[in-house]
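Chain by chain, the residues run as shown.
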Amino acid sequence: DKNLIDLSVMSTEQIDKIIRKAKKIMQSPADYRHACDGKILATLFYEPSTRTQMSFQTAMLKLGGRTIGFDNPMNSSVSKGESLKDTITIVGEYADIIAIRHPVEGTAAAASLYAGVPVINCGDGGHLHPTQTLADIITLSCEKGRLDNLRVGVCGDLLNGRTVHSLIKTLAKYPNNSFVLISTKELSVPLYVIDILEKNGCKYEISHSLADAITDLDVLYMTRIQRERFASEEDYQAQKNVFVLDKEKLDKAKENMIILHPLPRVNEITVDIDDDPRALYFKQAQYGMYGRMALILLLLQDDEFFVENRPFVVS
Ligand code: CP
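The name given to the protein in an unreviewed UniProt entry is Aspartate carbamoyltransferase, with Ruminococcoides intestinale as the source organism. In its Catalytic activity (unreviewed entry) section, UniProt records this for the protein: "carbamoyl phosphate + L-aspartate = N-carbamoyl-L-aspartate + phosphate + H(+)". Annotation of the protein in UniProt includes, under Function (unreviewed entry), the sentence "Catalyzes the condensation of carbamoyl phosphate and aspartate to form carbamoyl aspartate and inorganic phosphate, the committed step in the de novo pyrimidine nucleotide biosynthesis pathway."

Now the structure itself:
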């Protein structure tokens, strides 16, 4: 099945292949200028996005292809009641590859049933965001030189944060990674993610203090509180601003710790940290574009790729 629904169902060899490809493109982007001549990418975004949608569009344009799609379903026939099945069936006839974001968990997997072309999950509700994980692990590979033996702190909305779920599930596949799960009790990581850590034999700790947890981390992955996924504004107000990375806390961190964030940031990292050499979140977004270029190429050109990737592994 040539889809990317959940990065963590791929073997580490397959994942490493995407990273290698992304690095090759980074070194020599001009070599890939015509790699997707004549190909069309559809970006169907039922939820807002800046990075994911535009970096996919940029990736395809840099590969010589073209893009179609919508960034607001209300400007498409979805507003008239068209079903996901009908929309995907039609777009699958127009495009060679579909990148989809949707507020409902499992939608990308469902879309892969209806499309005759590869489908990429660009975020399905609070579930998974595999191409953000690609951006994250390419950053780790380039900036830390490894995807194993890392002590990774993840902080913020660990309940609703699909980027966190994808990242933990993927890094759990590599040896000797340990995790510090920093959140309020209400926004703890879902039990199925804990289950995956335990099944993979990963060490993990639960913390309610960023100031305490930061001292021995190799990586700090900050996340936004996902306002749009709260039942009420009152519940959101109670959770926002609980964890803020500022200079005082950063002073307690190791000199070579790196700070990642999938973005957008609201106020969980103060802007005076942006110039710190450890702050890599903007670079991380750039790595993401190369990861998406590599993914498009492998999905469209490598017949041997993704044969083991089953879209219905819901974990
Ligand atoms: N990281 C991420 O998914 O950003 P966007 O919501 O802007 O795409």
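**Considering the site of the ligand**
Near the ligand you find S49, T50, R51, T52, R101, H129, Q132, P262 and L263, and these make up its full shell. Within the side chain of S49, an N or O atom sits 2.6 Å from an oxygen atom of the ligand. T52 is positioned such that a nitrogen or oxygen atom in its side chain is 2.7 Å from an oxygen atom of the ligand. Burial of the ligand by the protein chains amounts to 91% of its free accessible area of 260 Å². Partitioned by chemical class, the residues of the shell around the ligand number two nonpolar, five polar and two charged.

**Examining helix α1 (residues 12-27)**
The terminal C-alpha atoms of α1 lie 22 Å apart, and with 16 residues this matches the ideal 22 Å at 1.5 Å per residue to within 8%. Summarising the contacts, the buried residues of α1 are in contact with α5 (130-143), α6 (162-171) and α11 (281-301).

**Observations concerning α6**
Within α6, 10 of the 10 residues are buried, leaving the element largely enclosed by the surrounding structure. Among all positions of α6, only R162, T163, V164, H165, S166, L167, I168, K169, T170 and L171 are buried.

What counts, and at which threshold
Residues numbered from 1 in each chain as written. Predicted model: local features only at pLDDT ≥ 70, side-chain atom pairs only at ≥ 80, totals over all residues. Heavy atoms only, no water. UniProt positions renumbered as here; feature names shortened; annotations may be inferred. Near = heavy atom within 4 Å. Polar contact = N/O pair within 3.5 Å; in protein donor to acceptor, adjacent residues only side chain to side chain. Areas by Shrake-Rupley, 256 points an atom, 1.4 Å probe, with all protein chains shown as cover. Nonpolar A, V, L, I, M, F, W, Y, C, P; charged D, E, K, R; others polar. Helix = DSSP H or I, 4+ residues; strand = E, 2+ residues; numbered from the N terminus. Expected span 1.5 Å × (residues − 1). Contact = heavy atoms within 4.5 Å. Buried < 20%, exposed > 50% of the residue type's maximum accessible area, 1.4 Å probe, protein only.

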